[in-house]
Amino acid sequence: MQHTLKVAGLVLAGGQGRRMLGADKAFMEINKRPCIDWVIARLKTECAGIAISANGDAQRFAPWGCPVLADTLQDTGPLAGLLRGLEWAEATGFDVLVSIPVDTPLIPSNLIKTLLPAASYATYGEQRHSLVAAWPVRSARARLASQLANISEQNRKQNTRVCTLAHALDARAVDFSSSYSADPFLNINTPEDLLAVRTILQNQNKNNSNGQ
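Peer 1: If you had to explain the overall build of the protein chain to someone new, which residues and values would you point to?
Peer 2: Helices and strands together make up the secondary structure of the protein chain, namely seven helices and nine strands. In summary, the protein chain has a C-alpha radius of gyration of 17 Å against a globular reference of 17 Å for 212 residues, a match within 12%. In the protein chain, buried positions account for 45% of the 212 residues. Summed over its atoms, the accessible surface of the protein chain is roughly 11,000 Å², and 48% of this surface lies on carbon and sulfur atoms.

Peer 1: Provide a residue-level description of the layout of surface pockets, including the pertinent values.
Peer 2: Its volume calculated, the second largest pocket comes out at about 220 Å³. Arg42, Leu106, Pro108, Ser109, Tyr180, Ser181, Ala182, Asp183, Pro184, Ile200 and Gln204 are the residues that line the second largest pocket. Among the residues forming the lining of the second largest pocket, the class breakdown is six nonpolar, three polar and two charged.

Peer 1: Would you mind going over the nonpolar core in detail, with residue names and values included?
Peer 2: One finds Ile36, Leu43, Val98 and Leu111 to be the most contacted residues of the largest nonpolar core, which totals 29 residues. Put simply, the parts of the chain that give this core at least two residues each are strand S1 (7–12), helix H1 (35–44), strand S4 (49–53), strand S6 (96–101), helix H3 (111–115) and strand S8 (127–136). For this core, the leading source of residues is H1, giving four residues. Excluding its chain neighbours within four sequence positions, the residues that come into contact with valine 98 are Val7, Ala8, Gly9, Leu10, Leu111, Ile112, Leu115, Ala133 and Ala134. Core analysis: the second largest hydrophobic core is formed by 27 residues, Leu69, Leu83, Ala140 and Leu148 among them.

Peer 1: Tell me what's going on with helix H4 (residues 137–149), and back it up with residues and numbers.
Peer 2: Taking 1.5 Å per residue, 13 residues should reach 18 Å; H4 reaches 18 Å between its end C-alpha atoms and fits that length. What H4 keeps buried is the set Val137, Ala140, Leu144, Gln147 and Leu148. Taken down its axis, H4 places every buried residue within 105° of arc, on the same side. Relative to its buried face, H4 has exposed residues pointing more than 90 degrees away, namely Arg138 and Ala149. Residues of H4 that are buried make contact with helix H2 (78–91), S6, S8, helix H5 (156–159) and helix H6 (162–168).

Peer 1: Please set out the side chain of histidine 129 residue by residue, giving values where relevant.
Peer 2: Its place among the elements puts histidine 129 in strand S8. Judged by relative accessible area, histidine 129 falls into the buried class, the value being 8%.

Peer 1: Report on the sheet that holds S4, specifying residues and quantitative values.
Peer 2: What holds strands together in a sheet is hydrogen bonding between their backbones, with the strands either parallel or antiparallel. With mixed pairing, seven strands are arranged side by side in an open sheet as S5-S4-S1-S6-S8-S7-S9. If you trace the sheet from one side to the other, it starts and ends with strand S5 (68–69) and strand S9 (172–175), each paired once. As defined by bridge partners, S4 adjoins S5 across two bridges and the pair is classed as parallel. Within the sheet, the bridge partner assigned to serine 53 lies in S5 and is leucine 69. Lying over the sheet, H2 contacts S1, S4, S5, S6 and S8, oriented at roughly 155° with respect to S1.

Conventions and cut-offs
- Residues numbered from 1 in each chain as written.
- Predicted model: local features only at pLDDT ≥ 70, side-chain atom pairs only at ≥ 80, totals over all residues.
- Heavy atoms only, no water.
- Helix = DSSP H or I, 4+ residues; strand = E, 2+ residues; numbered from the N terminus.
- Rg over C-alpha atoms; globule rule 2.2 N^0.38 Å.
- Buried < 20%, exposed > 50% of the residue type's maximum accessible area, 1.4 Å probe, protein only.
- Areas by Shrake-Rupley, 256 points an atom, 1.4 Å probe, with all protein chains shown as cover.
- 1 Å grid on protein atoms, 1.4 Å probe; cavity = no way out; pocket = protein on both sides within 12 Å on 5 of 7 lines; lining within 4 Å.
- Points joined across faces, edges and corners; volume = space filled by probe spheres on them.
- Nonpolar A, V, L, I, M, F, W, Y, C, P; charged D, E, K, R; others polar.
- Core = buried A, V, L, I, M, F, W, Y, C linked by side-chain atoms within 4.5 Å.
- Contact = heavy atoms within 4.5 Å.
- Expected span 1.5 Å × (residues − 1).
- Arc of directions from axis to C-beta.
- Pairing = 2+ DSSP bridges.
- Axes fitted to C-alpha atoms, helices over the stretch in contact; angles between N-to-C directions.

Geometric descriptors of this kind do not, in isolation, establish any biological role.
In structure tokens:
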């Protein structure tokens, strides 16, 4: 009997939001909903479990009922959150972990189906989205733990890059540009990005309403 893959989602919500004046990106309002709500709602359609990678007060995420995983490593960027997510996924019996930045609310509803099999990451034309990725839990956890345990002053920049892990796992690039007229992995890094995303989602809602 063929084994059915158990897939989990990891929302990476540990960014500093410096270009958003220090705002907690998870709670940026988009059409009367916090940004994280858009991401989790889309992941729920394809994931058997979801965790949130974030530091600080975990109670602020209580409405979503997901485990909140704080970093245990410092100065390793988003890879610290990814490692905690992979550890959680392995301990809870998942085969694949799909990571998504919290400021990426336009992700496609068929994202995981399109990314599988792992390891893979999303691209849109020439734009690489290394953190929108599917990771084979056991091999990625072991490889990333080794990568982060062997950081030196000489290799810090290389060993804290997501691309280094993807390359080690021979991850595939999956291009979504043929299916979408605009990049569905647009990150909200500035107030202008936030306005653009709000406009896109408002237009999508109008189109959906007109189509009913």
